[in-house]
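An overview of the molecular structure
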Amino acid sequence: MTDAEPNGRITSFVSNGVASVLIDNPGRKNSTTKAMCQELQALMPRLDNDPAVVVVTLRGAGDTFSAGASINDLTSVLLDPQEDGSHVDHLSLADAAIARVRKPTIALVDGACMGGGWQLASACDFILASERSRFAITPAKIGVIYPRAGIERLLRLVGPANAKLILFSGEAFDAVRATQLGLVSETVPDHTFEERAGALVQALLDRSQFSIHTLKHLIDSSDEPEQTVEALWRAAWKAMTEGPDMDIGTRAFLHREQPTFAWQPRSLA
C-alpha cells in the first residue's frame, strides 16, 4: 500500500494495448486529493512512453466518476503554498499531464462528474457518458474560482454564455443536456455504456496510430502562431507520404481487407 491509499489513490493496469486508469476514492465519491493529483502527474508520462499502451481510458471507481477536488484537501489541491510564497495548483498540473499524452485518451464517465472531476475528464480527448451520469461545475457554491485551465477549456467547448450559465449557477445537468451544451462528446443508454466504451476503444486500437497521433497534435496546436501551424502541417504531410500507413491503408481498402498498420510512436526518452 502507498501513503495515499487511505485518502484515495490512482490505480492503473495495461491489457491488450489499453491502459485503464482509475480514480479510486469511493468512500469520498472519488474526490481527488493532492496526492492523487501528483500520482496522475507521474503516471501519465509513463503511460505515454510505454510501448505496450495504445489507448488510455480514465474512469472512476464504483458508481461515481469524481466529485472533484476533495473539500477536506481543497487548499492543498488548488493552492499548495510554496516556500517562495507562490502556490501550486495540483489539479491543473494533473490536467496538463493528461492533456499532454500523445496517445488517444477517453474519459469514461458513468455516474456523477462534478467540479474538478469534469476538468480531469475534459483533459482527455473526449468524454463518453452514460445517461445516468450528471455533471456540474460548482465553484460559485463554495466561493472559489475554477482553475484557469478548466475555464479556458470550458470556454472553447461551450462558448462564453453557456460557460457563464454553468459556472454562475452551479446547476447539475443530466448527461443528455451536458452533451447538448458541449461538456460531453457522446451519451449512451446505461445498459449499453460498457459495450459502446469497448467498441470505441477497439476502434481506436484498429485505426492508424500515425493518423490519430498526427491529427491530435495538429488539432491541439491549432491556436499556435500561423507560422508554427503551417510548419506542423508541412511536416505532417511529408511524414504521411514517407511513412508506411498510407500505403497499407489504401491497399487494404482496395482489397476490402482490414489493414494492419505499422507506424509506431517514438519514445519520449
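Scoring rules and cut-offs
Residues numbered from 1 in each chain as written. Predicted model: local features only at pLDDT ≥ 70, side-chain atom pairs only at ≥ 80, totals over all residues. Heavy atoms only, no water. Pairing = 2+ DSSP bridges. Helix = DSSP H or I, 4+ residues; strand = E, 2+ residues; numbered from the N terminus. Axes fitted to C-alpha atoms, helices over the stretch in contact; angles between N-to-C directions. Contact = heavy atoms within 4.5 Å. Salt bridge = Lys/Arg side-chain N within 4 Å of Asp/Glu carboxyl O. Buried < 20%, exposed > 50% of the residue type's maximum accessible area, 1.4 Å probe, protein only. pLDDT = per-residue confidence, 0-100. Phe/Tyr/Trp six-rings, centres within 6.5 Å; stacked < 30°, edge-to-face > 60°. Core = buried A, V, L, I, M, F, W, Y, C linked by side-chain atoms within 4.5 Å.

The next subject is the sheet that holds strand β7 (residues 105-109). Spatial ordering of the open sheet is given by β1-β2-β3-β7-β9-β12, a layout of 6 strands whose pairing is mixed. Pairing within the sheet leaves two strands with one partner each, and these edge strands are β1 (9-15) and β12 (186-188). For this sheet, the mean inter-axis angle between neighbouring strands, taken without regard to orientation, is 20°. Sheet topology places strand β2 (residues 18-24) next to strand β3 (residues 55-60); 6 bridges connect them, and they run parallel. If you follow V18 over to β3, its bridge partner there is V55. Docked against the sheet, helix α1 (residues 34-48) engages β1, β2 and β3, running at close to 20° with respect to β1.

Moving on, we come to the pattern of salt bridges. Taken as a whole, this structure holds 11 salt bridges when the rule is applied. Between K216 and D125 there is a salt bridge whose closest N-O contact spans 3.0 Å. On the criterion of sequence distance, the pair formed by K216 in helix α9 (residues 209-220) and D125 in the loop between α4 (116-122) and β9 (126-130) is long-range, its members being 91 residues apart. Residue K216 is classed as buried on the basis of its relative accessible area, which comes to 10%. Look at D125 and you get partly exposed, because its relative accessible area is 34%.

Quick look at the confidence of the model for the protein chain now. Per-residue pLDDT for the protein chain averages 94, and the proportion of residues at 70 or more is 97%. Ignoring residues within four places in sequence, the model shows residues 1-5, a span with pLDDT below 50, making 4 contacts including any to other chains.

Right, let's get into the packing of aromatic side chains. On inspection of all chains with the given rule, the structure shows 1 aromatic pair. On the basis of an interplanar angle of 70° and a centroid distance of 5.9 Å, the ring pair of F210 and W263 is categorised as edge-to-face. Taken together, the residues F210 in helix α9 and W263 in the segment after α11 (245-254) connect sequence positions 53 residues apart. On the accessibility criterion, W263 (24% relative accessible area) is partly exposed.

A word on the nonpolar core. Judged by nonpolar contacts, the single largest core of 47 residues is most densely connected at V21, V109, W118, F135, L154 and L183. Sorting elements by how many residues they give to this core places α1 first, with 6 residues. Excluding residues that lie within four positions of it along the chain, L183 makes contacts with W118, I127, F135, I137, L154, V158, I166 and A178. Counting 12 residues, the second-largest nonpolar core is a separate cluster that includes L128, A197, V201 and I212.

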